Amino acid sequence: MDLTALPTQLLDHTETHIEASNATEATFCHIDSQQPAIDDSTRKTIDPNAIILADALIDKTISWRIHNCKISEKIITQDMPLPFLYHYDSLDDSIKQTYPLTPLLLAQFNTSMMADEAAKLIGVDKALITSPWHVKVIGSLVVFSDALQLAVRLHWTNTSKETQQIYTQDEADALTTAFKDWQFFGRIDVLYKNTKQTLVSIDEQAESDKQILTIDASSDYQFLPATHALVIIAKLEADKNELPWFEAAILERLA
């Protein structure tokens, strides 16, 4: 893909190169006869030389490259409220024995409050309550193939919750711990400029006449329907350990 022809926002960051094997990039384009979720009638409607988007993204023989990995939201703080039970559970067992749960405390179990409020309610020094790091990072990246003239914008995060609570002393350690189980989520945008091959997305759970989505060649990004995005995210998550370039780009951006 000619990078000068891509939207300029894709060029903001140094790209991470992914080494491919000597296998040709066309090998993934043919339909795998072992795919159980696509029946014969559906298979016959697909061009045998078509690119199947989800399969392409997890194909390790393709020279995928990643660039414009960026952060859109970042929260790392210890200054956020938590339900009272979290504060109480962070106390040492010896302190809990000295300050056992009373009906008043039990009534506050699900009430959100700051650590100093919880300490006052229990009757202990605030320093005795361990405050976790609240971590939430959202970002995006673009993975693309020059040979296929295909770019896909994906979104990633460390948690689907409002924040992830990490109990550690150091902020950097909290961030590292939070991203041990990072995940893809949300919308997917496709930029496809190849007029020589058909690009399709397959929603294997849809009715047979609605399974196949043809993605036309265009100079602009196209937004995938949510059901198709979910299929692609599921395949990426299942094969994530075999696709280390995604995590490498994200961790480099977080550093």
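What about the overall build of the protein?
Along its length, the protein carries 9 helices and 12 strands. Counting all 255 residues of the protein, 42% fall into the buried class. For the protein, the share of sequence-separated contacts (at least 6 apart) that also reach a separation of at least 24 residues comes to 75%.

Focus on helix 8 (residues 226-238)
With 13 residues, helix 8 should reach 18 Å at 1.5 Å per residue; the first-to-last C-alpha distance of 18 Å fits that figure. Among all positions of helix 8, only H228, A229, V231, I232, I233 and L236 are buried. Where helix 8 is buried, its residues meet helix 2 (53-57), strand 7 (150-157), strand 9 (183-192), strand 10 (199-202), strand 11 (212-215) and helix 9 (244-254).

What about the pairing of strand 9?
Note: strand 7 against strand 9, 7 bridges, orientation antiparallel. Along strand 9, the bridge assignment pairs W156 with F184. Note: strand 9 against strand 12 (residues 222-223), 2 bridges, orientation antiparallel. When the sheet's bridge partners are listed, D189 is paired in strand 12 with F223.

Considerations on helix 7 (residues 171-178)
Among the residues of helix 7, A174, L175 and A178 are the ones counted as buried. Summarising the axial view, the buried residues of helix 7 lie within an arc of 95°, below the 170-degree limit, and thus occupy one face. Looking at the buried positions of helix 7, the neighbouring elements they touch are strand 3 (65-77), strand 6 (133-145), strand 8 (164-166) and helix 9. The N-capping residue of helix 7, defined by a side-chain oxygen 2.9 Å from the backbone nitrogen of A172, is D170.

Details of the layout of surface pockets
Considering only enclosed or pocket space, the largest pocket measures out at about 240 Å³ in volume. Lining the largest pocket are 13 residues, and of these L82, H134, E162, T163 and Q165 lie nearest its centre. Elements with a contribution of two residues or more to the lining of the largest pocket: strand 4 (82-83) and strand 8.

A short note on the packing of aromatic side chains
Tallying each qualifying case throughout the model produces 6 aromatic pairs. With a centroid separation of 5.8 Å and 70° between ring planes, the pair formed by W156 and F179 is classed as edge-to-face. Of this pair, W156 sits in strand 7 while F179 sits in the loop between helix 7 and strand 9, and the two are 23 residues apart along the sequence. There is no split in this pair, since W156 and F179 are both buried. Taking the centre distance of 5.2 Å and the plane angle of 85° together, the rings of F184 and F246 count as edge-to-face. With F184 in strand 9 and F246 in helix 9, the pair connects residues that are 62 residues apart, well separated along the chain. For the residue pair F184 and F246, the accessibility class agrees, reading buried in each case. Members of the aromatic cluster, connected to one another through ring pairs, are W182, F184, W245 and F246.

Conventions used here
Residues numbered from 1 in each chain as written. Predicted model: local features only at pLDDT ≥ 70, side-chain atom pairs only at ≥ 80, totals over all residues. Heavy atoms only, no water. Helix = DSSP H or I, 4+ residues; strand = E, 2+ residues; numbered from the N terminus. Buried < 20%, exposed > 50% of the residue type's maximum accessible area, 1.4 Å probe, protein only. Contact = heavy atoms within 4.5 Å. Expected span 1.5 Å × (residues − 1). Pairing = 2+ DSSP bridges. Arc of directions from axis to C-beta. Polar contact = N/O pair within 3.5 Å; in protein donor to acceptor, adjacent residues only side chain to side chain. 1 Å grid on protein atoms, 1.4 Å probe; cavity = no way out; pocket = protein on both sides within 12 Å on 5 of 7 lines; lining within 4 Å. Points joined across faces, edges and corners; volume = space filled by probe spheres on them. Phe/Tyr/Trp six-rings, centres within 6.5 Å; stacked < 30°, edge-to-face > 60°.

Read these as spatial facts, not as claims about activity.
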